[in-house]
Amino acid sequence: MNVAITINGEEVSRDVEPRQLLVHFIRETPGLTGTHWGCDTSNCGACVVLMDGAPVKSCTILAAMCEGHEISTVESLEVDGRLDPVQLGFHERHALQCGFCTPGMLMTARALLNENPDPTEEEIRVAISGGICRCTGYKNIVSAVRWAAEHEAAARQEV
């Protein structure tokens, strides 16, 4: 079956098996390998992308189910050489080590800040609870999301 999905603003079309997962479509068709394929059971969260702005685990969604939806991957965060505040926050607050969970955490954090520009530590922890990080202990990830929220708020005030 032919599937056409808008990924990071561009339509991507390909014949797929009806059972092909979105994570594989993303990695194989446009070659966007930032979305990590981890556990295959929706437990780790490394494969999180945004579908119409909401975080979803792309290992649990069939590519065919995404036709007509806008998918955003971690590659969409950087625009014209400028990193997203969430990416900058992860850098500034040392919120990654091995980097395997990072794409899913970044996309989850971006969705949270789009919905709630000033989340509490508890709200951040709840938002990222669907992702497993085996390296950081989450403290720096929470700090990075707060850093991004604060810097986005400052940027809005400057405008």
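The structure presented is a predicted model; accordingly, all values stated were derived computationally and were not measured.

## Observations regarding helix α2 (residues 85-92)
At step 1: Along α2, the residues that are buried comprise Val86, Gln87, Gly89 and Phe90. Seen along its axis, α2 keeps its buried residues to an arc of 160°; they face one direction.
At step 2: Its side-chain oxygen 2.7 Å from the backbone nitrogen of Val86, Asp84 forms the N-cap of α2.
At step 3: In the stretch just after α2, His94 is the one whose phi turns positive, near 50°.

## Digging into the sheet that holds strand β4 (residues 54-57)
At step 1: Read from one edge of the open sheet, five strands run β2-β1-β5-β3-β4, paired in mixed fashion. The open sheet has two edge strands with one neighbour each: β2 (10-15) and β4. Direction aside, neighbouring strands of the sheet carry axes that sit 40° apart on average.
At step 2: Where strand β3 (residues 48-51) meets β4, four bridges bridge the pair, whose relative direction is antiparallel. Residue pairing for β4: Met51 is matched across the bridge by Ala54.

## Quick look at the side chain of Ser72
At step 1: Of note, Ser72 is situated in strand β5 (residues 70-72).
At step 2: The exposure class of Ser72 is buried, given its relative accessible area of 18%.

## Points about the packing of α2 against helix α3 (residues 102-115)
At step 1: Interaxial distance between α2 and α3 falls to 9 Å at its minimum, and their mutual angle equals 125°. Here α2 lies oblique to α3, going by the angle between them. The two elements α2 and α3 cross, and the hand of that crossing is right-handed. Residues Pro85, Val86, Gln87 and Phe90 of α2 form the contact with α3, whose own contacting residues are Thr102, Met105, Leu106, Ala109, Arg110 and Leu113.
At step 2: The residue inventory of the contact of α2 with α3, partitioned by class, reads seven nonpolar, two polar and one charged.

## Overview of the packing of α3 against helix α4 (residues 121-128)
At step 1: Interhelical geometry of α3 versus α4 gives an angle of 130° and a closest axis separation of 9 Å. Taken together, the axes of α3 and α4 are oblique relative to one another. The element α3 and its partner α4 pack so that their crossing is right-handed. Residues Met105, Thr108 and Leu112 of α3 form the contact with α4, whose participating residues are Glu123, Ile124, Ala127 and Ile128.
At step 2: Taken together, the residues of the contact of α3 with α4 break down into five nonpolar, one polar and one charged.

## Quick word on the domain arrangement of the chain
Accessible area lost during the coming together of the parts is what is often quoted as the interface size.
At step 1: Split by domain assignment, the chain resolves into domain 1 (2-76) and domain 2 (85-158).
At step 2: The partner domain 2 presents 13 residues to the 17 residues of domain 1 that form the contact.
At step 3: The interface formed by domain 1 and domain 2 contains zero salt bridges.
At step 4: Joining domain 1 to domain 2, the criterion identifies three residue pairs in polar contact (both at pLDDT 80 or more).
At step 5: When contributions to the side of domain 1 that touches domain 2 are tallied by element, the ones reaching two or more residues are β3 and β4.
At step 6: For the side of domain 1 that touches domain 2, a count of residues per class yields seven nonpolar, nine polar and one charged.

Rules used throughout
- Residues numbered from 1 in each chain as written.
- Predicted model: local features only at pLDDT ≥ 70, side-chain atom pairs only at ≥ 80, totals over all residues.
- Heavy atoms only, no water.
- Buried < 20%, exposed > 50% of the residue type's maximum accessible area, 1.4 Å probe, protein only.
- Helix = DSSP H or I, 4+ residues; strand = E, 2+ residues; numbered from the N terminus.
- Arc of directions from axis to C-beta.
- Polar contact = N/O pair within 3.5 Å; in protein donor to acceptor, adjacent residues only side chain to side chain.
- Pairing = 2+ DSSP bridges.
- Axes fitted to C-alpha atoms, helices over the stretch in contact; angles between N-to-C directions.
- Parallel < 35°, antiparallel > 145°, perpendicular 65-115°, else oblique.
- Left-handed = near helix turned anticlockwise from the far one by under 90°.
- Contact = heavy atoms within 4.5 Å.
- Nonpolar A, V, L, I, M, F, W, Y, C, P; charged D, E, K, R; others polar.
- Domains from an automatic or database assignment.
- Salt bridge = Lys/Arg side-chain N within 4 Å of Asp/Glu carboxyl O.

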